Amino acid sequence: MLRFALSRLLSLGLSLLAASVVIFAAIEVIPGDPAAYMLGMNATPEAVAALRDELGLGGAALTRYLDWVSGMLRGDFGLSYTYRVPVADLVAQRLWVSVPLAGYALALSTLIALPVGLWAAARRGGPVDIGVMGATQLGIAVPNFWFAMLLVLVFAVKLRWFSAGGFPGWEAGVWPGFKALTLPAVALALPQAAILARVMRSALIETLGQDYIRSARAKGLSRGQAIRRHALRNALIPVLTILGLQFSFLLAGAIIIENVFFLPGLGRLIFQAITQRDLIVVESVVMLLVFAVILVTFLVDLAYAAVDPRLRRR
Amino acid sequence: MIAVQGLSVAIGGTPLLRGVSFGIDRGQILGLVGESGSGKSMTALAIMGLLPPGAHAAGRVVLDGTDLLGLSEPQMCDMRGRQIGMIFQEPMTALNPVQSIGDQVAETLVIHRAATRSEALRAARRRLDRVGLPEGRFPLGRFPHELSGGQRQRVCIAMAIALRPQLLIADEPTTALDVTTQARILDLLKGLVEEERMGLLLITHDLAVVAGMADRLAVMRAGEIVEQGPVADVLRERRHPYTRALVEASAHHPGADLRPTDRPLLQVAGAVRDYPQPRLRLFARPAPFRAVDEVSFEVRRGESVGLVGESGCGKSTLTRAILGLEPLQGGEIRLDGQAVSAGQRMQASLRRKMNVVFQDPYGSFNPRHRVARLIAEPFHLTGRPVDADARVAEALVSVGLTPEDRHKFIHEFSGGQRQRIAIARALITRPELIVLDEAVSALDVRVRAQILDLLADLRARLGLSYLFISHDLHVVRAITDRVLVMQAGRIVEQGPTEKVLRAPEHPYTKELLAAAPVLEVPP
């Protein structure tokens, strides 16, 4: 198990290295002057030259790359061109919104999806199954921002249980922050839960057809016991894969939802940075997201090995 | 002890079992034989109360005075595992891959509240010891993937007998195993029946297995028991024509007298195939695993050569190398004087000369193609001749089907017919060598006899050579002139089939022969 973890850790490091090279090359090395791009078409040559100087674009690519990487390792992501504050501070603020939001949404989606998928699989072909399949089909088809607007209309405008948007900050207390994230988390979670419930259902149905379920029944386990004791853990592997993908998506993919609810999250930061041509922020945030995705993949790999003894030896 | 009386099962009005009746006493073994689809497994599942959804059972299944068919599902759950244990055909998939063997055996006791977890684990230990998995090599924490098929079947047996049930049902328990493993598992079952005074319902398609094991024999066909009685009597008298047909087919020998030529067709000289092993330490290069070790032999034109050995002995690797699908690390393979080597594109002329028929008549066809396209598939490699359609028709006729069959899909055919289509596909390029990789192993005895006849006939008519890979010595005896015995990558004995099987010299050949169940039919 330790060997497995170490080998996965090694590949994590290599992926990060590769990603940093690709990002750096895409933004700073590929022809086209980043400084001219950032300043737009009407910039004077003097302004461009000044910015080039500020960005340190004069040096060799390799030196600049090493500076960038070693800076990041020290927590120095540079200075945002538009906000004029360290990118690290900017990102840290946003992470305080995005990570709890993604975690909240993921927890909701898991809590909804796993029991629903289990329920549908156990009653395959029955009315419950048909109802669940129909509902999840709808959940996948309807875009999450539409859900979001619906939620705002019902729970904020009509019932006035939640505010329609904005984030008070965690300084205002855990509960107000939590409350502000609830509607966005639900809007994000529902489509994800629909996907996850379907994956859970089909994985369970496949597992239930396996010979070892028949063996378990021959030992005297009831259908429910066979599902709980044997099918569930075997069905978890595809579910974990989807969960990992969903977390990565939720971290940065919440742009639209963050806009609907006026949340100062990572998605909005990168969106604004791109429209304002703030390449320094873009570069750092993309790198951070890559790191998050790779880290999640690593954790999913560890979870696979925890579930399935066959993977531990590799 | 258990009496099945007039058991009938139907799914949606279609009867699957009709009035099945038999009884088993303590310490007695009843062999239930029949071909696939005859209702053997359905009988077992009906006794277990594990029929597929939609199936309805009628009649009586009386165990110690209780009619099992009248019990509720929770009552039946209590019976399963406690009073009736069951093991299945496929040990590779019969165990939960993510749970240790100790937990799986102990679960039988835990689920019936017969013991606490720690007591159950101690009991599991004793049961695993009993079925031949001692603590030293098989601690409770082992996972199924660390065990071989035979070892897994032992775990399944330990699981089924953990609570010392009165009746054990074994549904084709050794069909997926090698002969030597089969012999050991059958021995184990027999010992357990004597020791525990259990009744055993042994379901199998192999008369030879039953003949050596059972006290009584019931022959099943199309959902009915056509004949039953003490084994020796049933085999001697064979009152029902179906029993006669089964016995004859089991001992079938296509009686063609063919004389192979002296000209070599396939020459394998010093063939070596190494597989790299996974790296255990970062800088230590592991020793490769030698799957085929300096193998040399010849197949002459018109000759049929058998290759026997247990799973893992290297038969399949050698076969793939001959077909040009595996590179060799040493030696060479020549077909009709031309070198066969993997990795490079094989010349169409060479490719045309050999073809292969695989074991599984269900998995080796694309279900979305029509038969004509399936059979014509080898033309992708050799170029499509102008008379391709005529040749497809010709191939179908030569395997006993009709040209019209080419418009059908593969699911419209039975297992035996599919294997005929596989042979037609192999014949389409007019090859000289056909490699038959366990080509009749998945077939019922009567169908197998027909396919063996077909193969003998084709060989006589077309002058084909066969390389016949099988674990079944009877089949090898029936269809080959010479036999090669392979063990751990090496050919340990070779010679004329009759001679090798009558007077084996190598201990391994002797072991294989001793393990193979023999059906001795009284005249």
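Note that the structure is a prediction, hence the values are computed from the model and not measured.

On to the UniProt feature "domain: ABC transporter" (unreviewed entry) in chain B. The positions UniProt marks with the feature "domain: ABC transporter" (unreviewed entry) are residues 2-247 and 266-513 of chain B. The span residues 2-247 of chain B carries 38% helix and 26% strand; its end-to-end C-alpha distance comes to 28 Å.

Our focus in this paragraph is the UniProt feature "domain: ABC transmembrane type-1" (unreviewed entry) in chain A. UniProt annotation of "domain: ABC transmembrane type-1" (unreviewed entry) refers to residues 95-300 of chain A when read in the numbering used here. Helix makes up 83% of residues 95-300 of chain A and strand 0%, whereas the separation of the span's terminal C-alpha atoms amounts to 21 Å.

To continue, consider the confidence of the model for chain B. Residues at a pLDDT of 70 or more form 97% of chain B, whose mean pLDDT is 89. Scored as a whole, the predicted complex attains pTM 0.84, and scored at its interfaces, ipTM 0.83.

This paragraph deals with the UniProt feature "transmembrane region" (unreviewed entry) in chain A. All names here are of chain A. As recorded in UniProt, the feature "transmembrane region" (unreviewed entry) lies at residues 101-122, 134-157, 177-197, 235-257 and 285-307. Annotated as residues 101-122, this span is 100% helix and 0% strand, and its ends, taken at the C-alpha atoms, are 32 Å apart. Between the end C-alpha atoms of residues 134-157 there is a gap of 29 Å, over a span that is 92% helix and 0% strand.

To continue, consider the sheet that holds strand β2 (residues 14-24) of chain B. All names here are of chain B. Strand order in this open sheet of 4 strands is β2-β1-β4-β5, and the pairing throughout is antiparallel. The two strands at the open ends of the sheet, each matched to only one other strand, are β2 and β5 (66-67). Examined bridge by bridge, strand β1 (residues 2-11) and strand β4 (residues 55-63) share 8 bridges and lie antiparallel to one another. Pairing of Ile2 across the sheet is with Leu63, part of β4.

We now examine the nonpolar core. Membership of the largest hydrophobic core comes to 58 residues, with the highest contact counts inside it found for Ile157(B), Leu200(B) and Leu217(B). Apart from residues no more than four positions distant in its own chain, Ile157(B) is found in contact with Ile87(B), Val131(B), Ile185(B), Leu188(B), Leu189(B) and Leu192(B). Formed by 51 residues, the second largest nonpolar core is a distinct cluster that contains Ala113(A), Ala203(A), Phe247(A) and Tyr304(A).

Residue and element names in this part refer to chain A. According to the domain assignment, chain A contains domain 1 (33-76) and domain 2 (88-311). One C-alpha centre belongs to domain 1, the other to domain 2, and the line joining them spans 38 Å. Carbon and sulfur atoms supply 72% of the area buried between domain 1 and domain 2, which totals about 710 Å² over both sides. If you sort the residues of domain 1 by the area they bury against domain 2, Tyr37, Met38 and Trp68 come out on top, with a joint share of 67%. Between the two partners, domain 1 and domain 2, sit 0 salt bridges. Seen at the junction of domain 1 and domain 2, the total is 1 residue pair in polar contact (both at pLDDT 80 or more). Of all the elements in the fold, those that place two or more residues in the side of domain 1 that touches domain 2 are α2 (34-39) and α4 (61-73). The leading source of residues in the side of domain 1 that touches domain 2 is α2, at 3 residues. Among the residues making up the side of domain 1 that touches domain 2, the classes are represented as 6 nonpolar, 2 polar and no charged.

This paragraph deals with the pattern of salt bridges. Residue and element names in this part refer to chain B. Applying the stated criterion across every chain yields a total of 41 salt bridges over all chains. Of the charged contacts in the structure, one is a salt bridge between Arg130 and Glu195, with a shortest N-O distance of 2.8 Å. Of this pair, Arg130 sits in helix α4 (residues 117-130) while Glu195 sits in helix α6 (residues 179-196), and the two are 65 residues apart along the sequence. Residue class for Arg130 comes out partly exposed when judged on its relative accessible area of 26%. For Asp457, the salt bridge identified is with Arg461, shortest N-O distance 3.2 Å. Residue Asp457 and its partner Arg461 are located together in helix α16 (residues 445-462), separated by 4 residues, close to a single helical turn. For Asp457, a relative accessible area of 36% gives the class partly exposed. Using a relative accessible area of 48% as the deciding quantity, one classes Arg461 as partly exposed. Three or more residues are tied together by salt bridges with common partners; here these are Arg301, Asp336, Arg352, Lys353 and Glu432.

Before going further, it helps to examine unusual backbone geometry. All names here are of chain B. The backbone phi angle of Arg113 is positive, close to 55°, even though this residue is not glycine. Within the secondary structure layout, Arg113 lies in the loop between α3 (101-111) and α4. Residue Arg113 is classed as exposed on the basis of its relative accessible area of 75%.

This next bit is on the pairing of strand β6 (residues 84-87) of chain B. All names here are of chain B. Alternating residues of β6 divide into Ile84 and Met86 and Gly85 and Ile87, and every residue in both groups is buried. As paired elements, β6 and strand β7 (residues 167-171) share 4 bridges and run parallel to each other. Across the sheet, the residue bridging to Gly85 is Leu168, located in β7.

The next subject is the pairing of strand β9 (residues 216-221) of chain B. Residues and elements named next belong to chain B. As paired strands, strand β3 (residues 29-33) and β9 are joined by 4 bridges and run parallel to one another. From the neighbouring strand, Val33 faces β9, where its bridge partner is Val219. One ladder, built from 6 bridges, connects β9 with strand β10 (residues 224-230); its direction is antiparallel. Counterpart to Ala218 in the pairing with β10 is Gln228.

Residue and element names in this part refer to chain A. A cluster of nonpolar side chains, Phe145, Trp146, Met149, Leu150 and Ile256, forms an exposed patch at the surface whose accessible area comes to about 450 Å². No other element matches helix α7 (residues 144-158), which puts 4 residues into the nonpolar patch. Within the secondary structure layout, Leu150 lies in helix α7. Residue Leu150 is classed as partly exposed on the basis of its relative accessible area, which comes to 36%.

A word on the sheet that holds β3(B). In sheet architecture, strand pairing relies on hydrogen bonds along the backbone and comes in two forms, parallel and antiparallel. All names here are of chain B. Pairing is mixed across the open sheet formed by 6 strands, whose spatial order is β6-β7-β8-β3-β9-β10. With partners counted over all chains shown, the strands left at the sheet margins are β6 and β10, one partner each. Strand-to-strand, the axes of this sheet are offset by a mean angle of 15°, without reference to chain direction. Of the strands in this sheet, β6 and β7 are in contact with helix α5 (residues 149-161), which crosses β6 at around 170°.

Cut-off values and rules
Residues numbered from 1 in each chain as written. Chains lettered and ligands numbered in written order. Predicted model: local features only at pLDDT ≥ 70, side-chain atom pairs only at ≥ 80, totals over all residues. Heavy atoms only, no water. UniProt positions renumbered as here; feature names shortened; annotations may be inferred. Helix = DSSP H or I, 4+ residues; strand = E, 2+ residues; numbered from the N terminus. pLDDT = per-residue confidence, 0-100. Pairing = 2+ DSSP bridges. Core = buried A, V, L, I, M, F, W, Y, C linked by side-chain atoms within 4.5 Å. Buried < 20%, exposed > 50% of the residue type's maximum accessible area, 1.4 Å probe, protein only. Contact = heavy atoms within 4.5 Å. Domains from an automatic or database assignment. Buried area = accessible area lost by both parts, 1.4 Å probe. Salt bridge = Lys/Arg side-chain N within 4 Å of Asp/Glu carboxyl O. Polar contact = N/O pair within 3.5 Å; in protein donor to acceptor, adjacent residues only side chain to side chain. Nonpolar A, V, L, I, M, F, W, Y, C, P; charged D, E, K, R; others polar. Patch = residues over 30% accessible without salt bridge, like charges linked within 9 Å, V, L, I, M, F, W, Y side chains within 5 Å. Areas by Shrake-Rupley, 256 points an atom, 1.4 Å probe, with all protein chains shown as cover. Axes fitted to C-alpha atoms, helices over the stretch in contact; angles between N-to-C directions.

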